[in-house]
Amino acid sequence: MTTSPERNEYLDVMRATLMMLGVVLHTSQIYNPIGSWLVRAEDGHIFFYYLIQTITAFRIPAFFFLSGFFSTMLILRTGYGAFFRSRLRRIAIPLVVTGLTLNMLQTWLLNATGWTDTGLAAFLLRGEWVQHTWFLVNLLAYVGVLTLLGTFSPTLAWFKVISAALDRMPFPVLLVLLPLPSVFLIGLGTVGVPIYTGVLGIMDLHTLFLYVAFFMVGCLVFSNDRLFTKFTSQKFTPLMLWASLALALYIWLPALPNELLKSVATTYLRFSIHWLGVCVFLRLFKALLHRITPLWKALSEASYTVYLSHHFVVVSLGIVFVKLAVPAVIGFVVIVPLTLALTFWLHSHLVARYPALSLLFNGKAITPTAPAQYGTPA
């Protein structure tokens, strides 16, 4: 498959936007009246609950879909060995460094202000150091599995066979089938597979199974132009009607009398909504980003730093705003742009300028005079 620079750029900007939406999501958690986040305002508003539900319907699934897409692209350019080494540097180093610096400082601040009581042992041994970077742990696992699979089929022939089969399906049929692998994997827990067993608190089969289908389909889509077109060229109206129907059925499900049927149907519809969200977001960015401006490129370049550092900033500002009893709407409207501005400054003035910081927080080796390539981890 050959991809134009324009296509790669709008997909990369889309992935960067998905990461920066973490600022909106976590700020909303402060004012979510139903949730129980690290910092919680007493005067939350139900709007933020629905905003969180909307963002989570597409954000992480779309991110892993694009990660699979770009992973296959990188494999075809560099080979499996170089792909694995670059992903290990790009993902593992920032994951560990962020956990042992910003996340540790965040835990100290939460302890000092009375929000939490997390000891050092729990922080290190129970996975508290991972916090918002959990998706990088999943991504490392997917990268490892993809590399292992590549040792059996270096030419990606099996990708092409499966993607060709998917390409022959009408898109409505494809949408019906896409949630099934996730339903099967999550359903393994009902037959005794320990999918909720964690490894040092940082990873468990459940979170891996939740998103692996999105990553693998993203890999498949890169190997077939027509399949890519199917995912990015659907009309908004049918997608939104389908999503509305799935949501209505999801809301109605508690009325079902059979618990097993209710569980299967709930899981199926939840992943149907995720897949529809991925398709809508792909279509939206394809329609809107006809030209990638310097501002979009700068935001895309900074997005990895923004995501890694925003959690500490949002928590810090949240502690202050909750203490001052700032109204929910004002707090949200101030914290989101202020966090984006501070983390963007952090990237442009520190991470992007100093090779050591670029390696530690972005997994990139740069020279002081050479700007880093824009983009977020594939």
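Being a predicted model, the structure only gives us computed values, none of them experimental.

Moving on, we get to the overall build of the protein chain. Scanning the protein chain from N- to C-terminus turns up 17 helices and two strands. For 378 residues, the compact-globule estimate of 2.2 N^0.38 gives 21 Å, and the C-alpha radius of gyration of the protein chain, at 21 Å, lies within 12% of that figure. When the backbone C-alpha atoms are referred to their principal axes, the protein chain occupies close to 60 × 55 × 40 Å. In the protein chain, which comprises 378 residues, the proportion classed as buried is 51%. Taking all contacts inside the protein chain whose residues are at least 6 apart in sequence as the whole, residues at least 24 apart take part in 80%. Carbon together with sulfur atoms contributes 71% to the accessible area of the protein chain, which is approximately 17,600 Å² in total. Taking the 24 positively charged and 12 negatively charged side chains of the protein chain as two groups, their mean positions are separated by 9 Å.

Y31, F64, F65 and F231 are the most contacted members of the largest nonpolar core, which totals 106 residues. Ignoring any residue separated from it by four or fewer positions in sequence, one finds F65 in contact with F214, F215, V217, G218, V221, F231, W275, V278 and L282. A246, L253, L269 and I273 belong to the second largest nonpolar core, which has five residues in total.

The next subject is a nonpolar patch on the surface. Together, V96, L100, M104, L120, L124 and L125 line one region of the surface with nonpolar side chains, adding up to about 530 Å² of accessible area. For the nonpolar patch, the secondary structure elements donating two or more residues are α4 (80-100) and α6 (120-125). With three residues, the top contributor of residues to the nonpolar patch is α6. Here L125 is to be found in helix α6.

Right, let's get into α4. Here α4 contains 21 residues, and its C-alpha end-to-end distance of 29 Å stays within 8% of the 30 Å for a straight helix at 1.5 Å per residue. Buried within α4 we find Y80, F83, S86, R87, R90, I91, A92, P94, L95, V97, T98 and G99. Looking at the buried positions of α4, the neighbouring elements they touch are α3 (59-78), α5 (102-112), α6, α7 (134-152), α15 (294-323) and α17 (355-362).

Our next topic: the pattern of salt bridges. By the definition in use, this model includes four salt bridges. Between K297 and E9 there is a salt bridge; the shortest N-O distance is 3.6 Å. Here K297, found in helix α15, pairs with E9, found in helix α1 (residues 5-30); they are 288 residues apart in sequence, far enough to count as distant. Classification of K297 as partly exposed rests on a relative accessible area of 33%. A salt bridge links D167 to R226; the nearest nitrogen and oxygen atoms lie 2.7 Å apart. Of this pair, D167 sits in helix α8 (residues 157-167) while R226 sits in helix α12 (residues 225-232); the two residues are 59 residues apart in sequence, bridging distant segments of the chain. A relative accessible area of 11% places D167 in the buried class.

Per-residue confidence for the protein chain gives a mean pLDDT of 88; residues scoring 70 or more make up 93%. Across residues 1-7, where pLDDT falls below 50, the model places 16 contacts with residues more than four positions away in sequence or in other chains. Of the regions scoring below 50 in pLDDT, residues 369-375 engages in 16 contacts with residues more than four places distant in sequence or in other chains.

What counts as what
- Residues numbered from 1 in each chain as written.
- Predicted model: local features only at pLDDT ≥ 70, side-chain atom pairs only at ≥ 80, totals over all residues.
- Heavy atoms only, no water.
- Helix = DSSP H or I, 4+ residues; strand = E, 2+ residues; numbered from the N terminus.
- Rg over C-alpha atoms; globule rule 2.2 N^0.38 Å.
- Buried < 20%, exposed > 50% of the residue type's maximum accessible area, 1.4 Å probe, protein only.
- Contact = heavy atoms within 4.5 Å.
- Areas by Shrake-Rupley, 256 points an atom, 1.4 Å probe, with all protein chains shown as cover.
- Lys, Arg positive; Asp, Glu negative; His and termini not counted.
- Charge placed at Lys NZ, Arg CZ, Asp CG, Glu CD.
- Core = buried A, V, L, I, M, F, W, Y, C linked by side-chain atoms within 4.5 Å.
- Patch = residues over 30% accessible without salt bridge, like charges linked within 9 Å, V, L, I, M, F, W, Y side chains within 5 Å.
- Salt bridge = Lys/Arg side-chain N within 4 Å of Asp/Glu carboxyl O.
- Expected span 1.5 Å × (residues − 1).
- pLDDT = per-residue confidence, 0-100.

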